[in-house]
Amino acid sequence: MTQQNKELYQGKAKVVYSTDDPDVLLMHFKDDASAFNRKKLGTIVDKGRMNCTMSATLMRLMDGAGIPTHFIDQAGPTDMLVRRLEMFPVEVVIRNIVAGSLARRLAIPEGTPLSKPLCEFYYKSDELDDPLVLVDHIVEFGWATAEQTREMRMLALHINDVLKAFFEQVGLTLVDFKLEFGLYHGRILLGDELSPDGMRLWDKETGKKMDKDRFRLDLGGVEEAYQEVLKRVQTGAEGHE
Ligand code: ADP
Ligand code: UDP
């Protein structure tokens with residue numbers, strides 16, 4: 001059994017531990033919530049368990065679709081064993097519908113559909129508030145090679161196809177989401193998590209926001225929305241077995 005060992009990193013939503021296997025990490029999902037780069041902090045009751053379980057289910061869905069991920073196993077209600085990646089300091093955002101920072105930056109109304117998915121890159125830096133960057137910046141500053149950036153983009157678009165269809169089946173519209181990738185013995189794998197902390201999901205019937213925007217914007221019913229998404233994800237996954 002792989003044992004939790006030393007704390008390597010204390011993040012905003014997760015704690016990362018080493019294990020007795022140098023290739024394996026244990027990720028502990030916390031109930032802590034943050035938004036606007038830690039300017040807003042809080043707790044979402046039971047979020048750790050809900051996000052860990054959802055993430056495990058969706059990572060399995062990715063594996064089934066041939067998308068390589070860091071996921072090994074769920075090790076407990078709030079813990080996950082993953083392959084240890086050398087993370088690219090880049091966040092990949094895919095958007096199907098205009099929302100969030102895109103709506104604000106370009107003054108385009110939230111909810112405007114996009115004719116095809118947009119792929120954006122952000123430099124992962126708390127000090128700089130994760131700025132939007134171009135592929136040329138990523139290559140120039142050595143965060144990833146041009147080839148690796150192309151591969152992240154292809155994988156992210158493939159992930160979008162799979163996730164969008166999956167959520168559609170359970171009555172949720174996948175508006176946008178953020179991914180993180182890393183290198184595992186030279187191969188690019190999907191890392192981090194897949195949960196309503198890092199994606200926008202709107203109820204297909206009512207348009208209700210079912211993700212971290214409820215926390216960001218003080219809309220109330222945060223826990224209930226996460227519970228509902230978890231329920232639907234589990235229902236959707238049963239249909240895939
Ligand atoms: P943040 O760093 O934004 O506060 P988290 O609290 O989610 O975010 O912390 C998790 C950290 O673990 C992130 O920095 C993420 O890049 C990193 N990470 C995710 N998956 C892996 C992995 N498989 N191997 C190494 N690091 C990972
Ligand atoms: N996102 C994230 N972490 C970040 C920034 C964005 O998980 O540090 C997710 C966010 O939840 C949304 C998508 O990426 O689903 C696009 O976010 P956006 O650029 O609109 O920023 P926001 O307005 O959410 O800060």
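This text follows the structure it describes.
Cut-offs applied
Residues numbered from 1 in each chain as written. Chains lettered and ligands numbered in written order. Predicted model: local features only at pLDDT ≥ 70, side-chain atom pairs only at ≥ 80, totals over all residues. Heavy atoms only, no water. Pairing = 2+ DSSP bridges. Helix = DSSP H or I, 4+ residues; strand = E, 2+ residues; numbered from the N terminus. Buried < 20%, exposed > 50% of the residue type's maximum accessible area, 1.4 Å probe, protein only. Lys, Arg positive; Asp, Glu negative; His and termini not counted. Salt bridge = Lys/Arg side-chain N within 4 Å of Asp/Glu carboxyl O. Contact = heavy atoms within 4.5 Å. Expected span 1.5 Å × (residues − 1). Near = heavy atom within 4 Å. Polar contact = N/O pair within 3.5 Å; in protein donor to acceptor, adjacent residues only side chain to side chain. Areas by Shrake-Rupley, 256 points an atom, 1.4 Å probe, with all protein chains shown as cover. Nonpolar A, V, L, I, M, F, W, Y, C, P; charged D, E, K, R; others polar.

Enquirer: Describe the sheet that holds strand 10 (residues 113-123), naming the residues involved and giving the relevant values.
Expert: The five strands are arranged 11-10-9-12-15 in an open sheet whose pairing can be described as antiparallel. Only two strands of the sheet have a single neighbouring strand rather than two, namely strand 11 (132-133) and strand 15 (199-203). Pairing between strand 12 (residues 172-179) and strand 15: five bridges, direction antiparallel. In the strand pairing of strand 15, Thr173 is matched with Trp202.

Enquirer: Now, about the side chain of Lys212: what can you tell me, with residues and values included?
Expert: Looking at where Lys212 falls in the secondary structure, it is placed in the loop between strand 15 and helix 5 (213-216). Asp197 provides the closest opposite charge to the buried, salt-bridge-free Lys212, at an N-O distance of 4.7 Å. Once residues within four sequence positions are removed from consideration, Lys212 is found in contact with Ser34, Pro196, Asp197 and Tyr226.

Enquirer: Just give me the short version of the environment of Val15, but keep the residues and values in it.
Expert: Tracing the backbone through its elements, the reader meets Val15 in strand 2 (residues 14-19). Between the C-alpha atoms of Val15 and Ile97, which are 82 residues apart in sequence, the distance is 31 Å. With residues up to four places along the chain from it excluded, the contact list for Val15 reads Glu7, Tyr9, Gln10, Leu26, Met27, His28 and Lys30.

Enquirer: Lay out helix 1 (residues 47-64) in plain terms, naming residues and giving numbers.
Expert: Its 18 residues place the ends of helix 1 25 Å apart at the C-alpha level, agreeing with the 26 Å of an ideal helix rising 1.5 Å per residue. Burial runs high along helix 1: 14 of the 18 residues are buried. Among the residues trailing helix 1, Gly66 stands out with phi positive, at a value near 80 degrees.

Enquirer: So what about the site of ligand 1? Which residues, and what values?
Expert: Close to ligand 1 lie 17 residues; Tyr9, Lys12, Ala13, Lys14 and Glu180 are nearest. Contact distances for ligand 1 include 2.8 Å between a nitrogen atom and a side-chain N or O atom of His70. Arg83 places a main-chain nitrogen or oxygen 2.8 Å from a nitrogen atom of ligand 1. In isolation ligand 1 exposes 550 Å². Once the protein is present, 89% of that is buried. Residue assignment for the shell around ligand 1 shows that the elements contributing at least two residues are strand 2, strand 3 (24-29) and strand 7 (79-83). A class-by-class count of the residues in the shell around ligand 1 yields eight nonpolar, two polar and seven charged.

Just distances and angles here, no functional claims.
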